[in-house]
Amino acid sequence: MEEKKYTGSCLCGGIRYEIHGEIGDILECHCQRCRKANGTAFATNAPVKKTDFKITHGENLLKKFESTPTTMRCFCSECGSPIISIKEETPDTYRLRIGTLDSKLEHKPSSHIFVAYKAEWDTIYDDLPQYAERP
Ligand SMILES: [Zn+2]
Ligand SMILES: [Zn+2]
């Protein structure tokens, strides 16, 4: 079986990464921290295995910010692109910001999470399942 490989990069191109493996279930997270970290209505994140994820260029540009005592958000210090977040309780899984992918993804988002915290101006127009917090 052919190994899955994806590539991605930040806006300035200083950080480039590869994923040698699967990209998991895509979630649209409407929590306020994701909204602030991205400046958008929601963040679109999917889990990847830590061991599958490799920064191939610009690791020195990756800045880490502890947005809660258990969550580390990693972004490009040059252009601000959010790349991954790492949760203390699941250190072997990175949550990839899939907007930074350069490869095509075959699958679509599966659900909306933290909808209880979504912005009042944001309207969800699709039929995906919505969860007040986590499913
Ligand atoms: Zn950058
Ligand atoms: Zn979130």
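What comes next concerns the included structure. A quick note: this is a predicted structure, and the numbers were derived from the prediction, not measured. (Residues numbered from 1 in each chain as written. Chains lettered and ligands numbered in written order. Predicted model: local features only at pLDDT ≥ 70, side-chain atom pairs only at ≥ 80, totals over all residues. Heavy atoms only, no water.)

**A look at the nonpolar core**
Judged by nonpolar contacts, the single largest core of 21 residues is most densely connected at Ile19, Ile23, Phe53, Ile84, Leu96 and Leu101. Residue assignment for this core shows that the elements contributing at least two residues are strand E2 (16-20), strand E4 (43-49), strand E5 (53-57), strand E7 (71-76), strand E8 (82-87) and strand E9 (93-97). Not counting chain neighbours up to four residues away, the residues in contact with Phe53 comprise Tyr17, Glu18, Ile19, Val48, Ile83, Ile84, Tyr94 and Leu96. Cys29, Cys31, Cys34 and Ile113 belong to the second-largest nonpolar core, a separate cluster that totals seven residues. (Core = buried A, V, L, I, M, F, W, Y, C linked by side-chain atoms within 4.5 Å. Buried < 20%, exposed > 50% of the residue type's maximum accessible area, 1.4 Å probe, protein only. Helix = DSSP H or I, 4+ residues; strand = E, 2+ residues; numbered from the N terminus. Contact = heavy atoms within 4.5 Å.)

**Some thoughts on the coordination of the zinc ion (ligand 1)**
Only Cys10 (SG), Cys12 (SG), Cys76 (SG) and Cys79 (SG) from the protein coordinate the zinc ion (ligand 1), and they sit 2.3 to 2.4 Å from it. Bound by four donor atoms, the zinc ion (ligand 1) shows angles of 102 to 114° at the metal and therefore tetrahedral coordination geometry. When its relative accessible area of 1% is taken as the criterion, Cys76 is described as buried. (Donors = N, O, S within 2.8 Å, 3.2 Å for Na, K, Ca; no water. Tetrahedral: all angles 85-135°; square planar, octahedral: opposite > 155°, others 65-115°.)

**Here we look at the coordination of the zinc ion (ligand 2)**
Looking at the metal site, the zinc ion (ligand 2) is ligated by Cys29 (SG), Cys31 (SG) and Cys34 (SG), spaced 2.1 to 2.3 Å from it. If you list the donors of the zinc ion (ligand 2) from N- to C-terminus, the spacing comes out as C-x1-C-x2-C. By relative accessible area, which is 5% here, Cys29 ends up buried.

**Observations regarding the pairing of E4**
Sheet analysis places strand E3 (residues 27-29) next to E4, joined by three bridges and oriented antiparallel. When the bridges of E4 are listed, Glu28 appears paired with Thr44. Here E4 runs beside E9; their pairing, made up of five bridges, is antiparallel. In the strand pairing of E9, Ala46 is matched with Leu96. (Pairing = 2+ DSSP bridges.)

**Digging into the environment of Leu128**
Its location among the elements puts Leu128 in the segment after strand E10 (111-113). What makes Leu128 partly exposed here is its relative accessible area of 26%. Through-space distance from the C-alpha of Leu128 to that of Ser110 is 6.4 Å; in sequence the pair is 18 residues apart. When sequence neighbours within four positions are dropped, the list of residues in contact with Leu128 reads Pro109, Ser110, Ser111 and His112.

**Some thoughts on the sheet that holds strand E1 (residues 5-9)**
Reading across from one edge, E1-E2-E5 is the order of the three strands in this open sheet, with antiparallel pairing throughout. One side of each edge strand has no neighbouring strand; the edge strands of this open sheet are E1 and E5. Adjacent strand axes in the sheet meet at a mean angle of 25° when their direction is disregarded. Summarising the sheet, E1 and E2 pair through five bridges and their orientation is antiparallel. Its bridge partner being in E2, Tyr6 is matched across the sheet by Ile19. (Axes fitted to C-alpha atoms, helices over the stretch in contact; angles between N-to-C directions.)

**Here we look at the sheet that holds E10**
The strands making up a sheet are joined through hydrogen bonds of the backbone, oriented either antiparallel or parallel. Taken in spatial order, the seven strands of this open sheet run E6-E7-E8-E9-E4-E3-E10, and their pairing is mixed. Of all the strands in the sheet, just strand E6 (62-68) and E10 have a single pairing partner and so form its edges. Along the sheet, successive strands turn relative to each other by an average axial angle of 30°, direction set aside. Pairing geometry for E6 and E7, over six bridges, is antiparallel. Each bridged residue has a counterpart across the sheet, and for Lys63 the counterpart in E7 is Phe75.

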